[in-house]
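A look at the structure
Here is how the chains run, residue by residue.
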Amino acid sequence: MYAYEGAAPSGQGSDLDQLIQRVETGMDAGLLPVEVFCDDQVFRAEMERIFGSTWVFVAHDSEIPKTGDFVLRKIGLDTVIVARDETGTVNVMLNQCRHRASEVCHEDQGNTRHFRCPYHGWTYNIKGEFAGAPHFAEAYGESLDRKAWGLRRAPQVDSVNGFIFACLDARTAPLREYLGDTLKVMDAIFGLHPKGMRAIAPPERFTVRADWKSGAENFCGDAYHVSTAHVSVGLSEFIPDVRQVSVIARGLDLGDANSFIAHEITQWGPMFEYWGYPPEVVQQFDFSKLDPAMRELIRKSPPTIGTIFPNFSYLRFPQPAVAGGRPYPFTSIRMWQPVAPGVMELWNWQFEYACVDEATTRESYLAGVYGFGSGGIFEQDDTAVWEGIAKAARSPWNRRDGVMLHYQQKRIEPDPAWTGPGEFYANIYGERLQEGFWRRWAREMKAGGTATARSPEDKHTARGGEQ
Ligand code: UNU
Ligand code: FES
Ligand code: FE
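The paragraphs below set out a description of the structure included in this document. (Residues numbered from 1 in each chain as written. Chains lettered and ligands numbered in written order. Predicted model: local features only at pLDDT ≥ 70, side-chain atom pairs only at ≥ 80, totals over all residues. Heavy atoms only, no water.)

**Section: the overall build of the protein**
In terms of helices and strands, the protein carries 15 helices and 21 strands. Compactness check: the protein gives a C-alpha radius of gyration of 23 Å against a globular reference of 23 Å for 467 residues, within 12% of the reference. Taking the principal axes of its C-alpha atoms as reference, the protein extends roughly 75 × 60 × 40 Å. Within the span of the protein, comprising 467 residues, buried residues form 57% of the whole. (Helix = DSSP H or I, 4+ residues; strand = E, 2+ residues; numbered from the N terminus. Rg over C-alpha atoms; globule rule 2.2 N^0.38 Å. Buried < 20%, exposed > 50% of the residue type's maximum accessible area, 1.4 Å probe, protein only.)

Structural data, given as structure tokens:
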């Protein structure tokens with residue numbers, strides 16, 4: 001129903017160039033052109049320039065542990081097969097037959113030795129190599145060069161803390177270099193136990209009539225919405241004092257639009273150290289990889305929400321004791337999958353440390369679904385408010401008048417005493433992290449298809465405009 005119908009190829013339109021320019025100059029004054037949230041040309045260019053060149057999360061190791069395991073995932077508009085071969089290597093292949101381009105794989109996940117296209121039966125092995133075709137001798141004989149007709153594959157695939165990312169551009173920097181300081185935060189969140197984390201179940205997926213960037217931007221730094229949008233959460237006692245949640249928020253900016261919100265939840269009591277993991281879990285954590293600032297951060301004000309550009313977000317929050325027990329944190333990973341201008345599919349996974357027992361894992365799964373599943377008490381609030389933004393972006397009236405959105409909270413400066421990775425903000429007002437998101441977005445859109453992460457120009461430029 002929401003399938004993207006396509007648009008003129010991007011790049012020629014001076015309209016688009018002008019809009020990207022307006023995003024950049026707008027940000028200097030804390031303003032954003034509303035139409036970026038629903039526009040054919042913008043969407044087309046994002047698919048080519050952002051999703052065609054950045055590292056995009058595709059799967060977690062724990063989803064495909066064994067030889068032959070595969071899942072179907074998305075990189076922008078393309079469906080990819082993410083499969084583990086007999087050497088343990090993960091191959092990321094375009095789900096498109098090389099014969100006449102029908103889809104070779106029609107299952108969301110499974111285990112197989114071969115992918116056989118349902119149209120004429122061309123077959124590929126788990127690595128994506130051409131493995132055969134019906135009536136091969138009669139139809140092709142020696143005329144087919146098997147090596148040349150394997151599935152198309154992502155030129156770069158790598159993983160950190162079990163999170164597998166793929167990149168469609170061979171020129172983009174290798175994953176670790178590309179992520180830079182963000183790796184240190186990932187280690188502090190996902191790498192605390194040698195056995196790592198695991199996806200508890202396949203991702204839940206649902207369509208939202210909002211733009212993918214609304215989710216990415218919200219998770220990269222918007223703590224301000226919580227006391228209003230989520231006021232009902234306070235009533236349900238999921239979180240004790242929801243108004244406090246933006247007051248105790250902190251910001252961590254790793255550059256390149258990778259940023260996290262941290263919450264000083266230890267103000268609620270010492271049991272909220274390390275996200276509220278109980279002592280028997282914390283005792284098993286290995287803190288040796290963390291620098292002292294990160295270690296103190298995760299003890300006192302752990303990173304709770306974050307985005308890795310473009311569309312990977314993270315969320316870990318202690319679920320207060322609904323059932324009367326001790327609080328326990330859930331970990332949600334979500335992707336804001338672009339579907340069409342102003343429409344996304346939200347993919348939501350629940351993760352748990354592999355060392356945690358089944359019963360507790362189940363609790364954390366249910367807590368995550370209760371809060372941030374498709375019917376979750378948080379999720380319904382966010383998706384409802386984001387839909388308004390896409391509507392505003394579609395408005396001819398707004399477009400005619402060049403309406404700009406407001407990003408002009410009082411300017412705040414990073415904490416000079418912070419010795420950890422990136423820049424730390426002692427409060428979240430100031431919208432600096434969101435500014436970082438839009439600056440990276442504009443940079444990628446201008447670069448026209450070569451991801452520019454780790455460029456030295458990425459540092460925030462001072463906002464020129466009035467406050
Ligand atoms: O709305 C949110 N992003 C949020 C609020 C997440 C966790 C706690 C409170
Ligand atoms: Fe796949 Fe023809 S399209 S075998
Ligand atoms: Fe929210």
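**Some remarks on the packing of aromatic side chains**
Tallied over the entire structure, the rule returns 38 aromatic pairs. Relative to Phe312, the ring of Phe163 lies with its centre 5.8 Å away and its plane at 85°, an arrangement referred to as edge-to-face. Note that Phe163 is positioned in strand β11 (residues 163-167) and Phe312 in strand β17 (residues 312-319), a separation of 149 residues in sequence. Accessibility assignment for this pair places Phe163 and Phe312 in one class, buried. Look at Tyr224 and Tyr429: their rings are 6.1 Å apart centre to centre, the planes differ by 90°, and that puts the pair in the edge-to-face class. In this pair, Tyr224 is assigned in the loop between α6 (212-221) and α7 (226-229) and Tyr429 in the loop between β21 (423-425) and α15 (432-447), connecting sequence segments 205 residues apart. We classify Tyr224 as exposed; its relative accessible area is 51%. (Phe/Tyr/Trp six-rings, centres within 6.5 Å; stacked < 30°, edge-to-face > 60°.)

**A word on the coordination of the iron ion (ligand 3)**
Protein coordination at the iron ion (ligand 3) comes from His225 (NE2), His230 (NE2), Asp382 (OD) and Asp382 (OD), with a distance range of 2.1 to 2.3 Å. In the primary structure, the donors to the iron ion (ligand 3) are separated according to the pattern H-x4-H-x151-D. Here His225 is found in the loop between α6 and α7, whereas its partner Asp382 is found in helix α13 (residues 379-394), with 157 residues between them in sequence. Accessibility expressed as a relative area gives 15% for His225, which makes it buried. Residue classification places Asp382 among the buried positions, given a relative accessible area of 1%. (Donors = N, O, S within 2.8 Å, 3.2 Å for Na, K, Ca; no water.)

**Section: the pattern of salt bridges**
Summed over all chains, the structure comprises 25 salt bridges. Of the charged contacts, one joins Glu48 and Arg44 as a salt bridge, the two residues approaching to 3.4 Å between their closest N and O atoms. You can see Glu48 and its partner Arg44 sitting in helix α2 (residues 40-50), 4 residues apart, about one turn around the helix. In this structure, Lys289 engages Asp187 in a salt bridge whose closest nitrogen and oxygen atoms are separated by 3.7 Å. Note that Lys289 is positioned in the loop between α10 (279-282) and α11 (292-300) and Asp187 in helix α5 (residues 182-190), a separation of 102 residues in sequence. A network of salt bridges, in which partner residues are shared, links Asp28, Arg432, Glu435 and Arg439. (Salt bridge = Lys/Arg side-chain N within 4 Å of Asp/Glu carboxyl O.)

**A closer look at the site of ligand 1**
In the vicinity of ligand 1, the contacting residues are His225, Val226, His230, Ile239, Val245, Ile305, Leu315, Phe317, Phe372, Phe378 and Asp382. One of the side-chain N or O atoms of His225 is found 3.0 Å from an oxygen atom in ligand 1. When isolated, ligand 1 has an accessible area of 270 Å², and the protein chains bury 100% of it. Placement of ligand 1 is best described as lying within the largest cavity. Taken together, the residues of the shell around ligand 1 sort by class into 8 nonpolar, 2 polar and 1 charged. (Near = heavy atom within 4 Å. Polar contact = N/O pair within 3.5 Å; in protein donor to acceptor, adjacent residues only side chain to side chain. Areas by Shrake-Rupley, 256 points an atom, 1.4 Å probe, with all protein chains shown as cover. 1 Å grid on protein atoms, 1.4 Å probe; cavity = no way out; pocket = protein on both sides within 12 Å on 5 of 7 lines; lining within 4 Å. Sits in = over half its atoms within 2 Å of the grid points. Nonpolar A, V, L, I, M, F, W, Y, C, P; charged D, E, K, R; others polar.)

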